[in-house]
Amino acid sequence: MSSIGIYGSLGRMGVAIRDILAEQGVKLAGGADAGDDPAVLAAAADALVDFSTPAALESHLAAARAAGTPIVIGTTGLTASHHALIDDAAREIAVLQTGNTSLGVVLLARLVREAATRLGPDWDIEIAEMHHRQKVDAPSGTALMLGEAAAAGRAVSLGEVRVADRAGLTGARAEGTIGFASLRGGTVIGDHLVVLAGVGERIELAHRAEDRAIFARGAVRAALWLADKPAGRYTMDAVLGL
């Protein structure tokens, strides 16, 4: 069985992934955190999982490329430059980047895309998310993932239709836009709600994370799936065969 290495092994997700590896009898190749050499871990693992920080992504990708080791990236708060680095790395190694490793969220995104396709732009789409008070990025990576799914369903770019701030007198809602609202407080692991509102009716698609272990299970499943894949950029949809 493949061995898994963890970047960000001392963080919440890193600890949760360690627990799932032990629970499933999967070999832990080791962990690397701030101050450690990422190349050592990359050379020791059959697949890597990265839940560290955006600032560390470049060095982790470089180490994975040098070792030829597939990597699952679950770090959120990534910018366009980070995605360019991922695209470049995917020419040489297998890379799976996702805003959420929960299998339930992956299915939710597919439902959102299907609904957006079938209902059309005259149905308004709003995405609300809530996380614990320590979360540093907003909207969450998962909310953006759901927004991307909705935009893909309408064959548009999320950047063209995204609305993340409605403070002040903003006027009437523009047709075809996708709105975001972010809430922070307490110890909420992650709640996401997608509202599709039509005239006289609405559809609400939601996911609530009750245990951080769901993300760890999905990450381990993704890493094991990715371990023998050729170079390329992959998604969680592929892990589930969607």
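Note that the structure is predicted; figures quoted are calculated from it, not measured.

Another point: the side chain of S140. Here S140 is to be found in the loop between strand 6 (124-131) and helix 6 (141-153). Looking at S140, the relative accessible area reads 1%, which means it is buried. With sequence-adjacent residues up to four places away left out, S140 is seen in contact with E129, H131, K135, R184 and H192.

Turning our attention to the packing of helix 5 (residues 103-119) against helix 6. Where helix 5 contacts helix 6, the two axes come as close as 7 Å, and the packing angle between them is 30°. By the angle class used here, helix 5 and helix 6 are roughly parallel. Taken as a pair, helix 5 and helix 6 cross one another with a handedness that is right-handed. From helix 5, V105, V106, L108, A109, V112, R113, A116 and T117 reach across to helix 6, where they touch T142, M145, L146, A149, A150, A152 and G153. Looking at side-chain class alone, the contact of helix 5 with helix 6 contains 11 nonpolar, three polar and one charged residues.

In this section: the domain arrangement of the protein chain. We note that the domain assignment places domain 1 (3-101 + 213-240) and domain 2 (103-210) within the protein chain. Listed by partner, the interface residues are 14 residues for domain 1 and 15 residues for domain 2. The contact between domain 1 and domain 2 buries some 1,100 Å² in all, and 64% of this surface belongs to carbon and sulfur atoms. For domain 1, the biggest contributors to the area lost against domain 2 are N100, D237 and L240; these three give 38% of the whole. In this structure, the salt-bridge partner of R110 is D237, at a minimum N-O distance of 3.0 Å. Scanning the region where domain 1 abuts domain 2 turns up five residue pairs in polar contact (both at pLDDT 80 or more). Counting residues per element, the side of domain 1 that touches domain 2 draws most heavily on helix 8 (residues 213-226), at four residues. Of the residues in the side of domain 1 that touches domain 2, the class split is four nonpolar, seven polar and three charged.

Glancing now at the pairing of strand 8 (residues 178-184). Here strand 6 runs beside strand 8; their pairing, made up of seven bridges, is parallel. Within strand 8, the position partnered with E129 by the bridge is S182. Judged from the two bridges that link them, strand 7 (residues 162-163) and strand 8 form a sheet pairing that is parallel. In the sheet register, R162 faces strand 8, and the bridge partner there is I178.

So, about the pairing of strand 9 (residues 190-197). With seven bridges joining them, strand 6 and strand 9 adopt antiparallel strand pairing. When the bridges of strand 9 are listed, I125 appears paired with L196. Two strands pair when backbone bridges link them, and strand 9 and strand 10 (residues 202-209) are joined in this way by eight bridges, in the antiparallel orientation. Residue L196 lies in a different strand from strand 10, and its bridge partner there is I203.

Rules of the game
Residues numbered from 1 in each chain as written. Predicted model: local features only at pLDDT ≥ 70, side-chain atom pairs only at ≥ 80, totals over all residues. Heavy atoms only, no water. Helix = DSSP H or I, 4+ residues; strand = E, 2+ residues; numbered from the N terminus. Buried < 20%, exposed > 50% of the residue type's maximum accessible area, 1.4 Å probe, protein only. Contact = heavy atoms within 4.5 Å. Axes fitted to C-alpha atoms, helices over the stretch in contact; angles between N-to-C directions. Parallel < 35°, antiparallel > 145°, perpendicular 65-115°, else oblique. Left-handed = near helix turned anticlockwise from the far one by under 90°. Nonpolar A, V, L, I, M, F, W, Y, C, P; charged D, E, K, R; others polar. Domains from an automatic or database assignment. Buried area = accessible area lost by both parts, 1.4 Å probe. Salt bridge = Lys/Arg side-chain N within 4 Å of Asp/Glu carboxyl O. Polar contact = N/O pair within 3.5 Å; in protein donor to acceptor, adjacent residues only side chain to side chain. Pairing = 2+ DSSP bridges.

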